[in-house]
Amino acid sequence: MNFYKILFQPSKKTIPLHKQLSLDSTVLIGKNEYSFGIQYSPESYNSWLMDEKIFGVFVQNSIKQLLMTNYKFLNLINRQDEFNLKVVDCKLENTDIDYFLQGEKINPETLNFILEDTDYRILQVYFRSRDRHMITLKSNGVLGIDNGLSEEEISDIKKLIDFLGFGPVVLV
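All of these numbers come straight from a predicted model, not from anything done at the bench. (Residues numbered from 1 in each chain as written. Predicted model: local features only at pLDDT ≥ 70, side-chain atom pairs only at ≥ 80, totals over all residues. Heavy atoms only, no water.)

Draft legend 1. Molecular detail of the overall build of the chain. Within the chain, the regular secondary structure consists of 7 helices and 8 strands. In terms of C-alpha radius of gyration, the chain reaches 17 Å, essentially the compact-globule figure of 16 Å for 172 residues. Seen through its C-alpha atoms, the chain measures out along the principal axes to roughly 50 × 35 × 35 Å. A burial count over the chain gives 45% of its 172 residues as buried. A separation threshold of at least 6 residues defines the contact pool for the chain, and within that pool the share at least 24 residues apart is 63%. Element-wise, carbon and sulfur atoms account for 50% of the exposed surface of the chain, whose accessible area totals about 9800 Å². Of the charged side chains in the chain, 19 are positive and 23 negative; the average position of the first set lies 6 Å away from that of the second. (Helix = DSSP H or I, 4+ residues; strand = E, 2+ residues; numbered from the N terminus. Rg over C-alpha atoms; globule rule 2.2 N^0.38 Å. Buried < 20%, exposed > 50% of the residue type's maximum accessible area, 1.4 Å probe, protein only. Contact = heavy atoms within 4.5 Å. Areas by Shrake-Rupley, 256 points an atom, 1.4 Å probe, with all protein chains shown as cover. Lys, Arg positive; Asp, Glu negative; His and termini not counted. Charge placed at Lys NZ, Arg CZ, Asp CG, Glu CD.)

Spelled out as structure tokens, the structure:
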């Protein structure tokens, strides 16, 4: 499984970060180029950010790191079909989701019901792609992707990265 820290660049007035820093080999770029995932491991990512040049580019271009909230997770789960994903599991803080499910399969309505009147926080959601590859998303904005995705699945992941960075696209 490969892991990517999802970043987005809200101002499209500048060159996308991955082009400014020549990161194309270690980046999974969304369809619009201003949302992307940088290959991630906690140690290498933190040391990478400590580089003055990289940090300066982050500040100058207002690069944002994705952090997931329950609202964002539920919005994604409710729209999972748009990305050809199917939620298969969910990890909550300080509780086991199986306690609530009691043998039921996880679905958006069940999750909405569980989280509606509780203080539980979603830590991670597990999806399966159309070809049954595992896709995970953690609350710290790290996206995990199985190896061997098809071109269609990669296209879906690029749409997902745009959605995570900028929310739903509204066509006018």
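Draft legend 2. Examining helix H2 (residues 42–49) more closely. Turning to H2, its buried residues are Tyr45, Trp48 and Leu49. In an axial view of H2, the angular spread of the buried residues amounts to 95°, which keeps them on one side of the axis. On the buried face of H2, the contacting elements are strand E1 (2–8), strand E3 (35–39), helix H3 (52–60) and strand E4 (64–65). (Arc of directions from axis to C-beta.)

Draft legend 3. Unusual backbone geometry, seen in detail. A positive phi angle, near 55°, is found at Asn84, a position not held by glycine. As for its placement among the helices and strands, Asn84 is situated in the loop between helix H4 (70–78) and strand E5 (86–92). Positive phi is not limited to glycine here, since Arg132 has a value of about 70°. Within the element layout of this structure, Arg132 appears in the loop between strand E6 (122–128) and strand E7 (134–138).

Draft legend 4. View of the nonpolar core. Ranked by size, the top nonpolar core spans 32 residues in total, and within it Leu143, Ile157 and Leu164 carry the most contacts. Here this core takes 5 residues from helix H7 (residues 151–166), the largest share from any one element. Setting aside anything within four residues of it in sequence, one finds Leu143 in contact with Asn2, Phe3, Tyr4, Ile6, Ile135, Thr136, Leu137, Ile157, Leu160 and Ile161. (Core = buried A, V, L, I, M, F, W, Y, C linked by side-chain atoms within 4.5 Å.)

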